[in-house]
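Close look at the chain arrangement
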Amino acid sequence: MQTPKELGFYFPAEFASQRALWLSWPHKEESWPGKIQTIYNPYCEFILQVAENQKVCVNVIDESMKLFALTQLRTCVYANKSSNLDFLISQITFYIHPTNDAWCRDHGPSFLLNHNSNEKAIVDWGYNAWGNKYPPFDLDDVIPTLIGKELGLPVFHPQIVMEGGSVEFNGKGTLLTSKACLLNPNRNPQLNQDQIEKYLSDYYGVNHILWVNDGIIGDDTDGHIDDITRFVNEDTVITVVEENKNDENHSILQENLHLLNNMRLENGKQLNVIELPMPKPVIFEDQILPASYANFYIANEKVIVPTFRDDKNDVKALDILQNCFHSRKVIGIDSTDIIWGLGSFHCLSQQEPEVVFKS
């Protein structure tokens, strides 16, 4: 059987044109113990900001959850005194796809486009809730195939564990990831680095793989790349740095920065690296949370950035990102409650690319 790469498929960069944003409505109280009701307003604000310019698709357990979600969305629209309620709601489609949790970046479909045709496809990687940390995850594991059936798209099954938050793409053949996550024995203990790179190449359609080492403190995903380093265009990444030398993240992120500054892209061009600050530590119930401005979502006309009630660094991070995305509006949304679930807007979302029609 031919691999997606052999058939001409590849994973587009997030900054490429999108048809839709995909989400799984949050409902697992254990993910936000004592706080789940507080996340719905910023979560709905995220949805509505994106819905102004593109479709939004939301997985829900049943009709009751759909009605609850619509009520929360309408409440958010009224709170923001928007007059676009009917249009915004018309942009949102709900699918009865039961899930265990809300982290669609990791359990959702990896959408591929074809270099040679107008085809779109899905990769359904195995999913084990970040090394079997949070069972059950059986419902989440089948979400990509359910979406493939709903959309009438072919679905590839590599039969290994892979999470969307662990990989980052420039859309021109280069993939960026972290050793702490992809080489962790709680994912694919039967595979070495060369074998994992072969899967990445075959199923994401890339030719060049770059590795950093560790992720930030408090990240229960074992070092997802989307909390530390992101492509903002084909040859530029932002990467988070911690100025406080007494902070545990300082040495981790300096080491990654050193690696990035010595990396080259597939075309031989040196990687352009822009530094992004970390927020001041976000701590809840004595737990350091993985708060990071790098966990933003790139939509068609906006970039939605988590903020953390840190006046100095929130503003600095938004300004840096706005300078990176000249054609998009950078919008900060308070993620202080959402991050109690150990993830933010990028972790919660997955993009579906727009087909670029070829004659």
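These remarks concern the structure in this document.

Each value, and the rule that gives it
Residues numbered from 1 in each chain as written. Predicted model: local features only at pLDDT ≥ 70, side-chain atom pairs only at ≥ 80, totals over all residues. Heavy atoms only, no water. Phe/Tyr/Trp six-rings, centres within 6.5 Å; stacked < 30°, edge-to-face > 60°. Helix = DSSP H or I, 4+ residues; strand = E, 2+ residues; numbered from the N terminus. Lys NZ or Arg CZ within 6 Å of the ring centre and 35° of its normal. Salt bridge = Lys/Arg side-chain N within 4 Å of Asp/Glu carboxyl O. Buried < 20%, exposed > 50% of the residue type's maximum accessible area, 1.4 Å probe, protein only. Expected span 1.5 Å × (residues − 1). Arc of directions from axis to C-beta. Contact = heavy atoms within 4.5 Å. Core = buried A, V, L, I, M, F, W, Y, C linked by side-chain atoms within 4.5 Å. Pairing = 2+ DSSP bridges. Axes fitted to C-alpha atoms, helices over the stretch in contact; angles between N-to-C directions. Polar contact = N/O pair within 3.5 Å; in protein donor to acceptor, adjacent residues only side chain to side chain.

**Digging into the packing of aromatic side chains**
Evaluated as defined, the whole model comprises 22 aromatic pairs. Centre to centre, the rings of Tyr127 and Phe137 are 6.3 Å apart; their planes meet at 90°, and the pair counts as edge-to-face. Here Phe137 lies in the loop between helix 5 (129-132) and helix 6 (138-141) and Tyr127 lies in the loop between strand 6 (120-123) and helix 5, a separation of ten residues in the sequence. An aromatic cluster is defined as three or more aromatic residues linked by ring pairs; in this entry it consists of Phe11, Trp125, Phe169, Tyr199, Tyr203 and Tyr204. When the ring centre of Phe284 is taken as origin, the NZ or CZ atom of Lys35, which lies over that ring, is 4.8 Å away.

**Points about the pattern of salt bridges**
Taken as a whole and assessed by the stated rule, the structure comprises 15 salt bridges. The salt bridge involving Glu14 is made with Arg230; its shortest N-O contact spans 3.1 Å. Taken together, the positions of Glu14 in the loop between strand 1 (9-10) and strand 2 (18-24) and Arg230 in strand 11 (residues 229-233) put the pair 216 residues apart, joining distant regions of the chain. As far as burial versus exposure is concerned, Glu14 and Arg230 are alike and both buried. Put simply, Lys133 and Asp222 hold a salt bridge, and the shortest N to O gap is 2.6 Å.

**With respect to helix 11 (residues 311-324)**
Taking 1.5 Å as the rise per residue, helix 11 with 14 residues should run 20 Å; its terminal C-alpha atoms sit 20 Å apart, in good agreement. When we look at burial in helix 11, the residues that qualify are Asn313, Asp314, Ala317, Ile320, Leu321 and Cys324. On an axial view of helix 11, the arc spanned by its buried residues comes to 135°, and they lie on one face. The outward face of helix 11, more than 90 degrees from its buried face, is lined by the exposed residues Asp311, Lys312 and Asn323. Summarising the contacts, the buried residues of helix 11 are in contact with strand 11, strand 12 (236-241), strand 13 (272-277), strand 17 (302-307) and strand 18 (329-334).

**Let's talk about the side chain of Ser344**
Counting through the fold element by element, Ser344 comes out in the loop between strand 18 and helix 12 (345-348). For Ser344, a relative accessible area of 1% gives the class buried. In this structure, Ser344 is in contact with Trp103, Asn295, Pro306, Ser335, Ile338 and Ile339, ignoring residues within four places of it in sequence.

**Examining the nonpolar core**
Counting residues in hydrophobic clusters, the biggest one holds 86 residues, and the most contacted among them are Trp25, Phe46, Val56, Ile92, Leu176, Phe296 and Phe325. When residues in this core are grouped by element, the largest group, ten residues, is from helix 1 (residues 36-51). In contact with Phe325, not counting residues within four places along its chain, are Val232, Phe296, Ile298, Val303 and Val330. Core analysis: the second largest hydrophobic core is formed by 22 residues, Val167, Leu191, Val206 and Ile209 among them.

**A word on the sheet that holds strand 10 (residues 208-212)**
In spatial order, the strands read 8-9-10; together these three strands make up an open sheet with mixed pairing. Both edges of this open sheet fall to strand 8 (167-169) and strand 10, since each of them pairs with a single strand only. Across the sheet, the axes of successive neighbouring strands diverge by a mean angle of 25°, strand direction being ignored. With three bridges joining them, strand 8 and strand 9 (residues 174-178) adopt antiparallel strand pairing. From the neighbouring strand, Phe169 faces strand 9, where its bridge partner is Leu175. Each of strand 8, strand 9 and strand 10 is contacted by helix 9 (residues 193-204), which is oriented at about 130° to strand 10, the strand it contacts most.

**Remarks on the environment of His208**
Residue placement: His208 occurs in strand 10. Each C-alpha atom, one on His208 and one on Ile238, is 19 Å from the other, the two residues being 30 residues apart in sequence. If near-sequence neighbours (up to four positions away) are discounted, His208 is found in contact with Gly173, Thr174, Leu175, Arg264, Leu265 and Glu266. Within the structure, the side chain of His208 is placed 2.8 Å from the backbone oxygen of Arg264, a separation counted as a polar contact.

**Digging into unusual backbone geometry**
Of note, the amide linkage connecting Pro135 to Pro136 takes the cis form, showing an omega dihedral of 0°. Tracing the backbone through its elements, the reader meets Pro136 in the loop between helix 5 and helix 6. The backbone phi angle of Asp222 is positive, close to 70°, even though this residue is not glycine. Counting through the fold element by element, Asp222 comes out in the loop between strand 10 and strand 11. Even without glycine at this site, Glu285 takes up a positive phi of about 50°. In this fold, Glu285 is placed in the loop between strand 14 (283-284) and strand 15 (287-288). Residue Glu285 is classed as exposed on the basis of its relative accessible area, which comes to 61%.

**Here's the deal with the pairing of strand 5 (residues 110-114)**
Buried residues dominate strand 5, accounting for five of its five residues. What you see with strand 5 is no split at all: Ser110, Leu112 and Asn114 on one side and Phe111 and Leu113 on the other are buried throughout. Note: strand 1 against strand 5, two bridges, orientation antiparallel. Pairing of Phe9 across the sheet is with Asn114, part of strand 5. Alignment of strand 5 against strand 6, held across four bridges, turns out to be antiparallel. Its bridge partner lying in strand 6, Leu113 is registered against Lys120. What sits between strand 5 and strand 6 in their antiparallel hairpin is a turn of five residues.

Note that every value here comes from positions in space, so none of it alone points to a role or purpose.
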